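What follows is the residue order along each chain.
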Amino acid sequence: MLNHIEELWAKAGLLKESFEEYSLCASGVYSKAQELVRCPEDVPAEFRVSCLPVPAEFFSLRKNLFSTLFQSVYRILGVKEERRRLYGGLNHLFRVWVTSADNLLDGEDKITLPLKMPGESRIMRQVISIMAADRIMKRMLDEAQGKAVITREESSILSERSLQILLPSAAEEASEEGGIWRRPHPDYVLNTIHKLKTGLLFHIPFLGPEAIEAGMDTDKLFACKEGLARFGLGCQLLDDIRDMAGDYLEKRHNYVLSWIFWKERSGDIELLKELEKDMRIQDKIFPYFKGAVPAAADLAGDLLLDGLTILDKRGLGLGEYAIKRMALSMFKVLDVGELAKCRLQAAPLTMQPAFMTS
């Protein structure tokens, strides 16, 4: 599935170099985790906690598509290498924080830091991962300050804002924690819910450039933020399509489900209720819905194309053919490859579409 994507990225020198650079950033995070996550020598063996060797797949392109794209933006913006390395490390820590929090909320166990702990320990593994990420960030910032990559004031700014930038997205997640009691209009899901859930997460890479970089080209910065926001929103819509069953059963916001409840014939609501009798969270139910799903897939395709096109115009180095192939590939990456034949033509580009305005 990903061989073709890898070929595309290999031909785009900026993406290939960014992938290699991000791999070094992630490796630095894991090295610090190995140093920090260990117990005193007098702790009995059965109660020791440590880091396991990092699986090779953690450094695969498949695991690091978005992070590589983020790393490429730093190059587009002209950020110096030593700061790019710092920002890449911080981005990897954001992945630990966000994924571990999602694991706690959703009862999942996606590995962020490979930890050796006694028992099953699913919950405590997430807690230790979050705590370790905080200590790793402290060491990273201290080292960067010691090497004069950043100042003490800049270190404090990055530390404080690393929390603040996540709070709106955390608040959105909190609003769903007990389940939603009604399906809001799909425009609200797109313009408000997903703007908080995904738009802000795709703005996390700009923490450093916006907070402490001097002389930044603001027009280029805005364009890169806009490109990543559109790309991220397109990915979120594909997630919504894939996760229809789980979001329906767990009463979570979902653009497609809202589309069905607000715009579709009542027959589709009845179909949902009929499917619910034997529905499991992991089921793919999107093939049953011939109106809402293709509409959402078309919109996702437009957003993916728009986002990559905006980034390409600022120096991503893909070209029209590669942009289309990469946008199509995201359908397979996000496990809705059956929909990749839906319309995939970019809407006219504007810098402030309605779904990204306040």
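Residues numbered from 1 in each chain as written. Predicted model: local features only at pLDDT ≥ 70, side-chain atom pairs only at ≥ 80, totals over all residues. Heavy atoms only, no water.

Colleague: Looking at this model, I keep getting lost on the packing of aromatic side chains. Mind explaining?
Modeller: Under the definition given, this model contains 7 aromatic pairs. Each ring, one from Phe66 and one from Phe231, has its centre 6.0 Å from the other, and the planes form 80°; the classification is edge-to-face. Linking Phe66 in helix H3 (residues 65–76) with Phe231 in helix H10 (residues 218–242), this pair joins segments that are 165 residues apart in sequence. The interplanar angle of 85° and the centroid separation of 5.4 Å between the aromatic rings of Phe70 and Phe202 together place this pair among those described as edge-to-face. Note that Phe70 is positioned in helix H3 and Phe202 in the loop between helix H8 (186–199) and helix H9 (207–212), a separation of 132 residues in sequence. (Phe/Tyr/Trp six-rings, centres within 6.5 Å; stacked < 30°, edge-to-face > 60°. Helix = DSSP H or I, 4+ residues; strand = E, 2+ residues; numbered from the N terminus.)

Colleague: Would you mind going over helix H4 (residues 81–106) with me for this structure?
Modeller: One turn of the α-helix equals 3.6 residues, which is why residues spaced by three or four share an orientation. When the terminal C-alpha atoms of H4 are compared, their 37 Å separation across 26 residues agrees well with the 38 Å that a helix rising 1.5 Å per residue should span. Note on H4: the residue one or two positions beyond its end, Gly107, has a positive phi of about 70°. (Expected span 1.5 Å × (residues − 1).)

Colleague: Quick question: what am I supposed to make of the pattern of salt bridges here?
Modeller: Note that side chains of opposite charge can pair when their charged atoms are close. One pass over the structure, following the stated rule, counts 28 salt bridges. In this structure, the salt-bridge partner of Glu274 is Lys277, at a minimum N-O distance of 3.1 Å. The class of Glu274 is partly exposed, set by a relative accessible area of 47%. On the basis of relative accessible area, Lys277 is assigned to the exposed category, the value being 60%. When the shortest N-O distance is used, the salt bridge between Glu338 and Lys284 registers 3.5 Å. Of the two residues, Glu338 sits in the segment after helix H15 (320–333) while Lys284 sits in the loop between helix H13 (266–276) and helix H14 (292–316), which places them 54 residues apart along the sequence. Of the residues examined, Lys284 reaches a relative accessible area of 32% and is grouped as partly exposed. One salt-bridge network, held together by shared partners, links Asp106, Glu173, Glu176, Lys197 and Arg252. (Salt bridge = Lys/Arg side-chain N within 4 Å of Asp/Glu carboxyl O. Buried < 20%, exposed > 50% of the residue type's maximum accessible area, 1.4 Å probe, protein only.)

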